[in-house]
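Take a look at the letters that make up each chain.
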Amino acid sequence: AQKITQTQPGMFVQEKEAVTLDCTYDTSDQSYGLFWYKQPSSGEMIFLIYQGSYDEQNATEGRYSLNFQKARKSANLVISASQLGDSAMYFCAMREVLRYNQGGKLIFGQGTELSVKP
Amino acid sequence: SAVISQKPSRDICQRGTSLTIQCQVDSQVTMMFWYRQQPGQSLTLIATANQGSEATYESGFVIDKFPISRPNLTFSTLTVSNMSPEDSSIYLCSAGTSGHNEQFFGPGTRLTVL
């Protein structure tokens, strides 16, 4: 069975510094996708970044990058130059392989609450 | 990217009543899902909304409690039936298209059951 583990319930970072949020996963599938979402206190889920299991390069989106280590089954999110607006809950998720337009459900980790200090 | 809207954004309901939540996507999507997020918890998938057929429910969720409709590729509804305080949660609609690496969420419906 697929599983996502986020071991950091809460993290603090100083404004303008970089922070790494950990995520490990477990799956027997060879093809899968890994996602990171940000959830501010308003409750909306904001898509940040995606990494495919066959992607050779680590994904990057602006200040977000994903440190993908396939052999270790980890997909850590790195936020560079933290801003006060980055304070939120962050969820790592895995999507099962898509077959014939079926599937695609996301399995979520427990989340990490990030607080950015001024 | 798809833009997803949900109605209502929040509601306070009495025990024993039912609430229907609507999800509208601004483009045709292959996949639509309904998730529940209980207070202080992560997201749990309720069901996959299948276009023109019965939804596929995850373990622990049943059609009588959470009937779902998806009449076309851009619209779905989730009903929370015979509500109890334990149903107080955020309910989120999600959509994506196979072949695309993004999966988006609606803004959520924050439900409180008294």
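Residues numbered from 1 in each chain as written. Chains lettered and ligands numbered in written order. Predicted model: local features only at pLDDT ≥ 70, side-chain atom pairs only at ≥ 80, totals over all residues. Heavy atoms only, no water.

As a further point, take the environment of Gln-8 of chain A. All names here are of chain A. Along the chain, the position of Gln-8 falls in the loop between β1 (3-5) and β2 (10-14). Judged by its relative accessible area of 12%, Gln-8 falls in the buried class. In contact with Gln-8, other than residues within four places in its own chain, are Thr-20, Leu-21, Asp-22, Gly-111 and Thr-112. At a separation of 2.7 Å, a polar atom in the side chain of Gln-8 contacts the main-chain amide nitrogen of Asp-22. (Helix = DSSP H or I, 4+ residues; strand = E, 2+ residues; numbered from the N terminus. Buried < 20%, exposed > 50% of the residue type's maximum accessible area, 1.4 Å probe, protein only. Contact = heavy atoms within 4.5 Å. Polar contact = N/O pair within 3.5 Å; in protein donor to acceptor, adjacent residues only side chain to side chain.)

Glancing now at the pattern of salt bridges. All names here are of chain A. This model, assessed by the stated rule, comprises 4 salt bridges over all chains. Of the charged contacts in the structure, one is a salt bridge between Asp-26 and Lys-73, with a shortest N-O distance of 3.5 Å. Residue Asp-26 is found in strand β4 (residues 24-26), and its partner Lys-73 is found in the loop between β8 (64-69) and β9 (74-79); the two are separated by 47 residues along the sequence. A relative accessible area of 40% places Asp-26 in the partly exposed class. (Salt bridge = Lys/Arg side-chain N within 4 Å of Asp/Glu carboxyl O.)

This part is about the side chain of Ser-82 of chain A. All names here are of chain A. By secondary structure assignment, the location of Ser-82 is in the loop between β9 and β10 (88-95). Within the structure, the side chain of Ser-82 is placed 2.7 Å from the backbone oxygen of Glu-17, a separation counted as a polar contact. Not counting the four nearest positions on each side in its chain, Ser-82 is found in contact with Val-13, Gln-14, Glu-15, Lys-16, Glu-17, Val-19, Arg-63 and Val-116.

Here we come to the packing of aromatic side chains. In this description, an aromatic ring pair is defined by two values, namely the gap between the centres and the angle between the planes. Summed over all chains, the structure comprises 14 aromatic pairs over all chains. Ring geometry for Tyr-25 of chain A against Tyr-32 of chain A: centres 5.2 Å apart, planes inclined by 55 degrees, an arrangement best described as tilted. Neither residue differs from the other here; Tyr-25 of chain A and Tyr-32 of chain A are each classed as buried. Look at Phe-108 of chain A and Tyr-35 of chain B: their rings are 5.7 Å apart centre to centre, the planes differ by 90 degrees, and that puts the pair in the edge-to-face class. Placement of Phe-108 of chain A in strand β11 (residues 106-108) and of Tyr-35 of chain B in strand β4 (residues 31-37) is noted, with the two residues assigned to different chains. (Phe/Tyr/Trp six-rings, centres within 6.5 Å; stacked < 30°, edge-to-face > 60°.)

The values reported here are purely geometric and, on their own, carry no functional implication.
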